[in-house]
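Here is how the chains run, residue by residue.
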Amino acid sequence: MIMALAFVANGVHAGWEYARATFYGDMSGADTMMGACGYEDLFEQGYGLATTALSTALFNNGSACGACFELRCTDSPWCKHGAGSIRVTATNFCPPNYSKTEGVWCNPPQKHFDLSMPMFLKIAEYKAGIVPVWYRQVMCYKQGGIKFKIKGNPDWLLVLVYNVGGVGQVADVKIKGSNSGTGWIQMTRNWGQNWQTFERLEGQSLSFQVTASDGKVLQSENVAPPNWQFNTAYEGRRNFN
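Just so it is clear, the model here is predicted, and its values are computed rather than measured.

Conventions we followed
- Residues numbered from 1 in each chain as written.
- Predicted model: local features only at pLDDT ≥ 70, side-chain atom pairs only at ≥ 80, totals over all residues.
- Heavy atoms only, no water.
- Helix = DSSP H or I, 4+ residues; strand = E, 2+ residues; numbered from the N terminus.
- Rg over C-alpha atoms; globule rule 2.2 N^0.38 Å.
- Buried < 20%, exposed > 50% of the residue type's maximum accessible area, 1.4 Å probe, protein only.
- Contact = heavy atoms within 4.5 Å.
- Areas by Shrake-Rupley, 256 points an atom, 1.4 Å probe, with all protein chains shown as cover.
- Disulfide = S-S within 2.5 Å.
- UniProt positions renumbered as here; feature names shortened; annotations may be inferred.
- pLDDT = per-residue confidence, 0-100.

**Quick notes on the overall build of the chain**
Here is step 1 of the chain: Regarding its fold elements, the chain presents 2 helices and 15 strands.
Here is step 2 of the chain: Against the compact-globule benchmark of 18 Å for 241 residues, the chain has a radius of gyration of 19 Å, which places it among compact chains.
Here is step 3 of the chain: Considering the chain as a whole, with its 241 residues, one finds that 51% of them fall into the buried category.
Here is step 4 of the chain: Residue pairs in contact within the chain that sit at least 24 positions apart in sequence constitute 69% of those at least 6 positions apart.
Here is step 5 of the chain: Carbon together with sulfur atoms contributes 52% to the accessible area of the chain, which is approximately 11500 Å² in total.

**Focus on the state of the cysteines**
Here is step 1 of the chain: Scanning the entire structure with this criterion turns up 4 disulfides.
Here is step 2 of the chain: Two residues, C37 and C65, share a disulfide whose sulfurs are 2.0 Å apart. Note on the C37 and C65 pair: the S-S dihedral is about -85 degrees, so by sign convention the disulfide is left-handed. Remark: C65 occurs in the loop between α1 (56-59) and β3 (68-73) and C37 occurs in the loop between β1 (17-24) and β2 (51-54); sequence separation between them is 28 residues.

**What about the UniProt feature "domain: Expansin-like EG45" (unreviewed entry) in the chain?**
Here is step 1 of the chain: When the UniProt feature table is mapped onto this chain, "domain: Expansin-like EG45" (unreviewed entry) is found at residues 34-145.
Here is step 2 of the chain: Each end of residues 34-145 is marked by a C-alpha atom, and these two atoms are 22 Å apart; helix forms 10% of the span and strand 28%.

**A closer look at the confidence of the model for the chain**
Here is step 1 of the chain: Per-residue pLDDT for the chain averages 93, and the proportion of residues at 70 or more is 94%.
Here is step 2 of the chain: Scored below 50 in pLDDT, residues 1-12 shows 15 contacts in the model against residues more than four places distant or in partner chains.

Structure, rendered in structure tokens:
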């Protein structure tokens, strides 16, 4: 159950921040797939249509990917009465448009959520187009363990990290092969939640060490077997939930 908003003396919601929200795509959510966070089929990967693209001020060069937010429509006649709030996961980027001076909601320094249409319609009328919202970051609750999709080629390993609970945001990833004498190998963020290394690790079982943005560390041992395949996802036994 989502708790009711608390107020401080100046009328601002305690613990919440002010932003605006629009929507993109249609009710199918097709346009929300394959976004700037590196996620692919959002239904298959467990995010569904409860998703949002973030403006530059919130996206933070992709480090906000996977974060979960609670939003409530406010101060608009188009807010749906009694709608309450929604929870969404950041899966895409709402790019700025510097060629215009009006209607550029995703330009810095504005905080803006570009929601999937189904989520926008839970809190506001379609004709509104854009509404003010209160928002706050909340914990993400995911089923099962953290998942790792291995992509790339023998000389370049690219791993998509998803289905992350807790704060949802991945700040650091290390990888280790079962035959590696070097121990944990530091991976670097390629884009969104895709992490890369140029170490050759074929024929070895793979373990991952994931650090979330709140500093918590989770180690997933031997997630991928020695005969792991490219373009295949493997699930760890634990999560940050």
